[in-house]
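Structural overview for review
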Amino acid sequence: MRRCPIGLLVLAGALALSGGPAAADSLVINGTTRTFTLQAPPAKPAPLVIVLHGKTQSGADMITRTSWPLIARRDGFAAVYPDGLNRAWADSRPNQRRAGNPPPEGTDDVAFITQLIEKLVGDGIADPRRIYVTGISNGGAMAMTLACERADLFAAAASVVMNLTDESARACRPARPVPMLLMNGTVDPLIPYQGGRGTSYFAVDGFWSTERTLEFWRRIDGCEPKDAATTDLPDRNPSDQSTVTRIDSACPQGRDVVLYRVNGGGHRMPGHFPDAHFTKLAATLLGPQNGDIDGADTIWAFFARFP
């Protein structure tokens, strides 16, 4: 059984008592109602983190299955959890590179997130200089798509358990460099670390390797092609079947690119809380969930350095 560190349990209890509830809201984009849940900050304007769910999930899953709400309350930033149509995002991959049902034809999720940012900035909630986007799986692909198509909006971006494809790389022409964090597992059955097609029945072919995806973002941000440093992080949870290695890049100031390689990790968000209702089934279908780091806390520490 996975155990949550005592300090984090105390933090969770304290924040649950002190934090206000998140509020559901909506926008109309091209005649379609789009929904999201906003966790407002205690003081405004504040940094804003846009948290994008994976396929078959919703924004509510990111609230209940990750520590993003706790981290946002602890550090006083705004967090917003949008919902994809058909529980999916229209990132820059073609449909043959997607598993399961795509969003409805014509869905423009770049427009949705752009107008969501405009609303939160216009309402005085978000600081336009400190807007960040992250996502897991399909949400990670969407986070990279947003960094490619609307680099002007984001101070930094992060993608969890996702790699580029030929199509998404060709479509990526950011207006300026965007600091990027990648977090991928080496035994991911859906998005293979080495590229190609995963071992899962639900996997599709055509993914780049994580190393090639890392090289792509280094090139975009003007970094040197080779690793600048490799650091094995402490194995704080030996029972989780995995460890974490941080791989840094030599980049111009303010253009950092970093990879958290989860050695033996699956298609999962690292963290101290179970990321699925049926944990044994998730382990069978998606591989191990790492407990040495907390994904949200690690990503926020990266984001907080920019601008």
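Now for a look at the structure at hand. (Residues numbered from 1 in each chain as written. Predicted model: local features only at pLDDT ≥ 70, side-chain atom pairs only at ≥ 80, totals over all residues. Heavy atoms only, no water.)

Overview of the environment of alanine 304
Applied cut-off: Elements are defined by DSSP. Helices are runs of H or I of four residues or more, strands are runs of E of two residues or more, and each kind is numbered from the N terminus. Per-residue accessibility, obtained with a 1.4 Å probe over protein chains only, is compared with the maximum for each type, and a residue is labelled buried under 20%, exposed over 50%, and partly exposed between these values.
Within the fold, alanine 304 resides in the segment after α9 (295–303). Residue alanine 304 is classed as partly exposed on the basis of its relative accessible area, which comes to 48%. Sequence separation of alanine 304 and threonine 33 is 271 residues, and the distance between their C-alpha atoms is 32 Å.

Section: the packing of helix α3 (residues 68–75) against α9
The test is simple: Helix axes are fitted only over the stretch in contact, all axes being lines through C-alpha atoms; the angle between N-to-C directions runs from 0 to 180 degrees. Angles are sorted into four bins: roughly parallel if under 35 degrees, roughly antiparallel if over 145, roughly perpendicular if 65 to 115, and oblique for all others. Helix crossings get a hand from a simple test, with the near helix turned counterclockwise from the far one by less than a right angle marking a left-handed crossing and a clockwise turn marking a right-handed one. The contact rule is simple, with two residues in contact once any of their heavy atoms fall within 4.5 Å. Gly falls in the polar group here, along with every residue not listed as nonpolar (Ala, Val, Leu, Ile, Met, Phe, Trp, Tyr, Cys, Pro) or charged (Asp, Glu, Lys, Arg).
With their axes 8 Å apart at the nearest point, α3 and α9 run at an angle of 40 degrees to one another. In this view, α3 runs oblique relative to α9, as classed from their interaxial angle. Once α3 is placed against α9, the crossing between them reads as right-handed. Along the contact surface, α3 presents Trp68, Ile71, Arg74 and Asp75, while α9 presents Ala296, Asp297, Ile299 and Trp300. Class assignment of the residues belonging to the contact of α3 with α9 gives a composition of five nonpolar, no polar and three charged.

Observations concerning empty space enclosed by the protein
How we decide: Points on a 1 Å grid over protein atoms alone make up a cavity when a 1.4 Å probe fits among them but cannot get out, and a pocket when they form an open set with protein on both sides within 12 Å along at least five of seven lines; lining residues each have an atom within 4 Å of a point. Grid points are joined across faces, edges and corners, and a volume is the space filled by probe spheres set on the points.
Tallying each qualifying case throughout the model produces four cavities of 30 Å³ or more. Every residue lining the largest cavity is listed: Asp91, Ser92, Arg93, Ala141, Met144, Thr145, Cys148, Met162, Asn163, Leu164 and Ser168. Tallied by class, residues from the lining of the largest cavity come to five nonpolar, four polar and two charged.

Some thoughts on the state of the cysteines
The following threshold applies: Disulfides are defined as cysteine sulfur pairs within 2.5 Å.
Scanning the entire structure with this criterion turns up two disulfides. Across a sulfur-sulfur distance of 2.1 Å, cysteine 148 and cysteine 172 are joined as a disulfide pair. Residues cysteine 148 and cysteine 172 share a disulfide whose torsion about the S-S bond is about -90 degrees; that sign makes it left-handed. Taken as a pair, cysteine 148 in helix α5 (residues 138–149) and cysteine 172 in the loop between α6 (166–170) and β7 (180–185) lie far apart in primary sequence, 24 residues in all. Of the two residues examined, cysteine 148 and cysteine 172, each falls in the buried class. Paired through a disulfide, cysteine 223 and cysteine 251 show a sulfur-sulfur distance of 2.1 Å. An S-S torsion of about 100 degrees defines the bridge between cysteine 223 and cysteine 251 as right-handed. Placement of the pair is cysteine 223 in the loop between α7 (210–220) and β8 (227–232) and cysteine 251 in the loop between β9 (243–249) and β10 (257–263), with a sequence separation of 28 residues. Look at cysteine 223 and you get buried, because its relative accessible area is 12%.

Focus: the packing of helix α4 (residues 109–122) against α5
Where α4 meets α5, the axes come as close as 10 Å, and the angle between the chain directions of the two elements is 75 degrees. Considered as vectors, α4 and α5 are oriented roughly perpendicular to each other. Contacts between α4 and α5 involve Asp109, Val110 and Ile113 from the first element and Met142, Thr145, Leu146 and Glu149 from the second. Residues that form the contact of α4 with α5 fall into these classes: four nonpolar, one polar and two charged.

A word on α5
The cut-off we apply is this: Helix span, expected: 1.5 Å multiplied by one less than the number of residues in the helix.
With twelve residues, α5 extends 16 Å between its outermost C-alpha atoms, agreeing within 8% with the 16 Å of an ideal straight helix rising 1.5 Å per residue. Buried within α5 are the following residues: Asn138, Gly139, Gly140, Ala141, Met142, Ala143, Met144, Thr145, Leu146, Ala147 and Cys148. Its buried side turned inward, α5 meets β3 (46–52), α4, β5 (126–136), β6 (156–160), β7 and α7.

What about unusual backbone geometry?
For the bond running from lysine 44 to proline 45, omega is -10 degrees, close enough to zero to count as cis. Looking at where proline 45 falls in the secondary structure, it is placed in the loop between β2 (32–39) and β3. Of the consecutive residues phenylalanine 306 and proline 307, the connecting peptide bond is found in the cis state with omega at 0 degrees. As for its position among the elements, proline 307 is in the segment after α9. Phi angles above zero are rare outside glycine, and asparagine 30 is one such case at about 50 degrees. Here asparagine 30 is to be found in the loop between β1 (23–29) and β2. On the basis of relative accessible area, asparagine 30 is assigned to the exposed category, the value being 64%. Not every positive phi belongs to a glycine, and threonine 56 is a case in point at roughly 75 degrees. Locating threonine 56 in the fold gives a position in the loop between β3 and α2 (59–65).

Overview of the packing of aromatic side chains
Stated precisely, the cut-off is as follows: Ring pairs shown here join Phe, Tyr and Trp side chains whose ring centres sit within 6.5 Å, with only the six-membered ring taken for Trp; geometry is labelled stacked below 30 degrees between planes, edge-to-face above 60, and tilted in between. Cation placement over rings: the criterion is NZ of Lys or CZ of Arg within 6 Å of the ring centroid and within 35° of the ring normal.
Taken as a whole, this structure holds ten aromatic pairs when the rule is applied. Each ring, one from tryptophan 68 and one from phenylalanine 77, has its centre 6.3 Å from the other, and the planes form 80 degrees; the classification is edge-to-face. For tryptophan 68, a relative accessible area of 1% translates into the label buried. Classification of phenylalanine 77 by relative accessible area gives buried; the value is 1%. Arranged with centres 4.9 Å apart and planes meeting at 15 degrees, the rings of tyrosine 132 and phenylalanine 303 form a pair that is stacked. Taken together, the residues span a long stretch of sequence, with tyrosine 132 in strand β5 and phenylalanine 303 in helix α9 at a distance of 171 residues. With respect to burial, tyrosine 132 and phenylalanine 303 carry one shared label: buried. Here a set of aromatic residues connected by ring pairs shows up, and it is made of Trp68, Phe77, Tyr132, Trp300, Phe302, Phe303 and Phe306. The cationic tip of arginine 212 hangs over the ring face of tryptophan 208; the distance from NZ or CZ to the ring centre is 3.7 Å.

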